[in-house]
Each structure stands twice: as structure tokens, then as C-alpha cells.
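Listed below are the residues making up each chain.
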Amino acid sequence: MRILLVEDDTALSLGISRAFEREGWRVDVLGDGQQAMAEGLAGQYDVAVLDLGLPRRDGMEVLRHWRSRGARLPVLLLTARDELSDRVQGLNAGADDYLTKPFDVPELVARLRALKRRSDGRIDEVLTVGELTLDLAHRELMHRGERVRMSPREIALTQLLMQRAGRVVPKESIIGTMSSWDADFSENSVEVYVHRLRKRFAELGVVIKTVRGFGYVMEPAPPPGEPPPAPAHGLA
């Protein structure tokens, strides 16, 4: 995936770029709205991440310019404005999604994946394991119709495990996905979060098993009295 990142905060744009590069994505970074006016019309990007508070040209002006010129690339807005009217204004101007600062990098990465899937016409917007369902568009985990309240980082790890349900997810994959730009997500962090999710999901009919030396596998809990299936050997 090739991404246009328009953000004038140098430290923030560097951190975001590094997170994207860990995903194997290509990133072009611009620091002001004037530069972005023409760049977003080039047709070479899969998605744009656009800050609203830009020098020279406001992000909202950039977005309206792109849409008025027929640019159809998905756009995710980054904004420090948490007013409902600002969010509605951005969506009405043609944005596809938004995040309010501060935000967690895993959530930004997950939202961009969802935007790319929608732009490709893919419909796998809901993941299901047992009686758990994860709505990728709205970032909500449900169990029998009831919302399971989780932090953005817990949702990101849950998504990673659910996307590869029945297969072993290596610790290295989890660390790479969950790392933020200001601190590495260590092996100890992985163990803490997996332990936390394991306890919560045990009551919801889903298990997370440790495959020693490799990683973790999520799957529906077996019916009472039935032995659990062996996890697939292929690493995800």
C-alpha cells in the first residue's frame, strides 16, 4: 500500500512513517497544505492521511480541493478538534474516516487497512470466532449482541488474532503490529496483553493458547468434555 501522509508535526510524521514502514507500506510525507493540493491528485496513492491543522492551506480546504477535482482516494483525517461539528464537517467534505489526537498507532494502521479493503470492494468487514464478532469499520467487539468494552490496543491485538484464527501468530508479528513510535512493544508487553485477553475471552467461549517457542493461536473453546484441536503448524 502506498500512503500520502500530510502532517506538519515532524516528530509525529516520523513516528507514523516508521509504523507504516514496519507494515511494508510506502509513505510520502508532506508538511503543508499547499504542497498537498496537487500531490493528492496524482492518482498514485491508495489512501491519504490528512491533518486538519496545516500551514498555508487548512486540511479541510485541501480535502475539498481534492474532491472538487475528482480525486477518489480514501482519506483519513487527523484532528485535534474533538467537536462533533468539526467531525461532521470533515465527513461531509468527503473524508472517509477520522481519528482524534492523541491516538494509538495500531488503531490508525487498522483503520487504514479497513479503508483499503473498502476501496478494493472487499466485504470482509466483520471477523468472527465462536460467538465473538469484530466490526472492523466501527472497531467494536460484540458477544451475543452485547458490546465488549476494550481499549484501542486490545482491539488491535484481538483483530490480529481473529484474522488468523486457528493459526499460530508469532510473537514477532504481534510486536511489529503493536509497536508505537515512542516505545517498543516488548515481549513482556505481549505476554501482559495476551494474558489479559485470555482471561476476558475465557468467559466468552474463545481461547488463546500459547504455542511455546512460536506464539499464540485463537480459536473457539471446545464443547465441554471434548479435547481441544491441535493448532495448525503454519505460522501466520
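As a reminder, the structure under discussion sits directly above these lines.
Here's what I pulled together on the structure shown here. (Residues numbered from 1 in each chain as written. Predicted model: local features only at pLDDT ≥ 70, side-chain atom pairs only at ≥ 80, totals over all residues. Heavy atoms only, no water.)

**A short note on the sheet that holds strand 5 (residues 97–100)**
For step 1, the next point in the chain: If you walk across this open sheet you meet the five strands as 2-1-3-4-5, and the pairing is parallel. Whereas interior strands pair on both sides, the edge strands pair on one side only; in this sheet they are strand 2 (26–30) and strand 5. Pairwise comparison of adjacent strand axes, ignoring direction, gives a mean angle of 20° for this sheet.
For step 2, the next point in the chain: One ladder, built from four bridges, connects strand 4 (residues 75–79) with strand 5; its direction is parallel. (Pairing = 2+ DSSP bridges. Helix = DSSP H or I, 4+ residues; strand = E, 2+ residues; numbered from the N terminus. Axes fitted to C-alpha atoms, helices over the stretch in contact; angles between N-to-C directions.)

**Focus: the packing of helix 1 (residues 10–22) against helix 5 (residues 105–119)**
For step 1, the next point in the chain: Between helix 1 and helix 5, the shortest axis-to-axis distance is 11 Å and the interhelical angle comes to 55°. Put simply, helix 1 runs oblique to helix 5. Every pair of crossing elements has a handedness; the one defined by helix 1 and helix 5 is right-handed. Touching I16, A19 and F20 of helix 1 are V105, L108, V109 and L112, all from helix 5.
For step 2, the next point in the chain: For the contact of helix 1 with helix 5, the class distribution of residues is seven nonpolar, no polar and no charged. (Parallel < 35°, antiparallel > 145°, perpendicular 65-115°, else oblique. Left-handed = near helix turned anticlockwise from the far one by under 90°. Contact = heavy atoms within 4.5 Å. Nonpolar A, V, L, I, M, F, W, Y, C, P; charged D, E, K, R; others polar.)

**Structural notes on helix 6 (residues 152–163)**
For step 1, the next point in the chain: If you check helix 6, its first and last C-alpha atoms are 16 Å apart, about what 12 residues at 1.5 Å a residue would give, namely 16 Å.
For step 2, the next point in the chain: Of all 12 residues in helix 6, 10 are buried; the element is thus mostly enclosed.
For step 3, the next point in the chain: The set of residues buried in helix 6 consists of R153, E154, I155, A156, L157, T158, Q159, L160, L161 and M162. (Expected span 1.5 Å × (residues − 1). Buried < 20%, exposed > 50% of the residue type's maximum accessible area, 1.4 Å probe, protein only.)

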